[in-house]
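Residue-level structure breakdown
Here's the letter readout for the chains.
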Amino acid sequence: MRVFVKDTEIVMPGDKLATEEEFLPERGIFNENGYLFSLLVGDLFLGRGKIGVKPLLRDIRTFKEENVVICMITDLLPSIAFTSVSSIRLNGKDYVALKEGKIINPSERGHYGSSKKLNFSDYNVGDVLLAKIKYNDDDSYMLDIESSPELGVLFSVCEDCGEPMIYDSKLHMLACSKCKHVNNKDVSTVYGSIEEALKVIEKNL
Ligand SMILES: [Zn+2]
């Protein structure tokens, strides 16, 4: 028996696998001049005189309610912020964002008991947020940035000069690293750290 690769080995397109006398080619295989080659990236399977390649499928998931996502404000109205939601890769799995996100201002939805009231005039298009999915609607994710201290603005640049805003722990607000402009956005406790943000996301998957 003449086989050039081991069973269950991952093979690449063009890998020479065996000769046609020994195996009946199944899917993922092509025959050229009596030799069988892989057409795909995948797992080789051999058995009962048959050979094939099973395509490697990446583990792809979508976000669901209570997951935390990274999003960027793309449009702002007094009562609603529209955001694009980032797809991410965590622990070898891809989480794909299929929809845009919306944040409704609490003052517009009658949350009288809410301790915080977002003032959307403090926010800017381009602000990057850490937000929780409250509702997974047909056409969008309804997001929340108030329900825990890790949620809120993750990255932001100065609206006056474009330099990065940094968190000033004395003022408890964001201040420009260059022109000292300050603003009153709802800041995440992991502001500025993608590494910490990913930990929050992982905790909520
Ligand atoms: Zn500035």
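The model shown is predicted, which means the values in this text are computed figures rather than measured ones.

Quick look at the packing of aromatic side chains now. We describe a pair of aromatic rings using the distance from one ring centre to the other and the angle between the two ring planes. With the rule as written, the count across this model stands at three aromatic pairs. Plain terms: the ring middles of Phe30 and Phe37 are 5.2 Å apart, the flat faces sit at 20° to each other, and that makes the pair stacked. Residue classification places Phe30 among the partly exposed residues on the basis of a relative accessible area of 29%. Aromatic pair Phe120 and Tyr123: ring centres 6.0 Å apart, planes at 75°, arrangement edge-to-face. For the pair shown, Phe120 and Tyr123 are each scored as buried. Sitting above the plane of the Tyr35 ring, Lys16 keeps its charged end 4.2 Å from the centroid.

With that settled, consider the pattern of salt bridges. Oppositely charged side chains may form a pair once their charged atoms are brought near each other. Using the criterion set out here, one finds five salt bridges in the structure. Between Glu66 and Lys134 there is a salt bridge, with its nearest N and O atoms 3.6 Å apart. Residue Glu66 is found in the loop between strand S8 (60-62) and strand S9 (68-76), and its partner Lys134 is found in strand S14 (residues 128-136); the two are separated by 68 residues along the sequence. For Glu66, a relative accessible area of 38% corresponds to the partly exposed category. Judged by its relative accessible area of 29%, Lys134 is partly exposed. A network of salt bridges, in which partner residues are shared, links Glu66, Lys132 and Lys134.

What follows covers the pairing of strand S5 (residues 35-38). Along any regular strand the residues' side chains alternate between the sheet's two faces. As paired elements, strand S2 (residues 16-19) and S5 share three bridges and run antiparallel to each other. Across the sheet, residue Lys16 finds its bridge partner in S5, namely Phe37. Pairing geometry for strand S4 (residues 29-32) and S5, over four bridges, is antiparallel. Bridging from a neighbouring strand, Ile29 pairs with Ser38 of S5. Remark: two residues form the turn of the hairpin made by S4 and S5, two consecutive strands paired antiparallel; Asn33 in that turn has positive phi of roughly 50°.

Rules used in this analysis
Just so you know, the residues in each chain are numbered from 1, in the order the chain's sequence is written. In view of the model being predicted, local features appear only for residues whose pLDDT reaches at least 70, and side-chain atom pairs are presented and counted only at 80 or more, with totals across whole chains, interfaces and linings using the full set of residues. As a rule here, side-chain values cover all heavy atoms of the structure and leave hydrogens and water aside. Any two of the Phe, Tyr and Trp rings considered here, Trp counted by its six-membered ring, make a pair once their centres fall within 6.5 Å; the pair's planes then place it as stacked at under 30 degrees, edge-to-face at over 60, or tilted in between. Burial status follows relative accessibility: with a 1.4 Å probe on protein chains alone, a residue under 20% of its type maximum counts as buried, one over 50% as exposed, and anything between as partly exposed. Look at NZ for Lys and CZ for Arg. If either is within 6 Å of the ring centre and within 35 degrees of the ring normal, a charge sits over the ring. Whenever a carboxyl oxygen of Asp or Glu lies within 4 Å of a side-chain nitrogen of Lys or Arg, that contact is scored as a salt bridge. Labels follow the DSSP assignment, with helices taken as runs of H or I lasting at least four residues and strands as runs of E lasting at least two, numbered in each case from the N terminus. Two strands make a pair as long as DSSP finds a minimum of two bridges between them.

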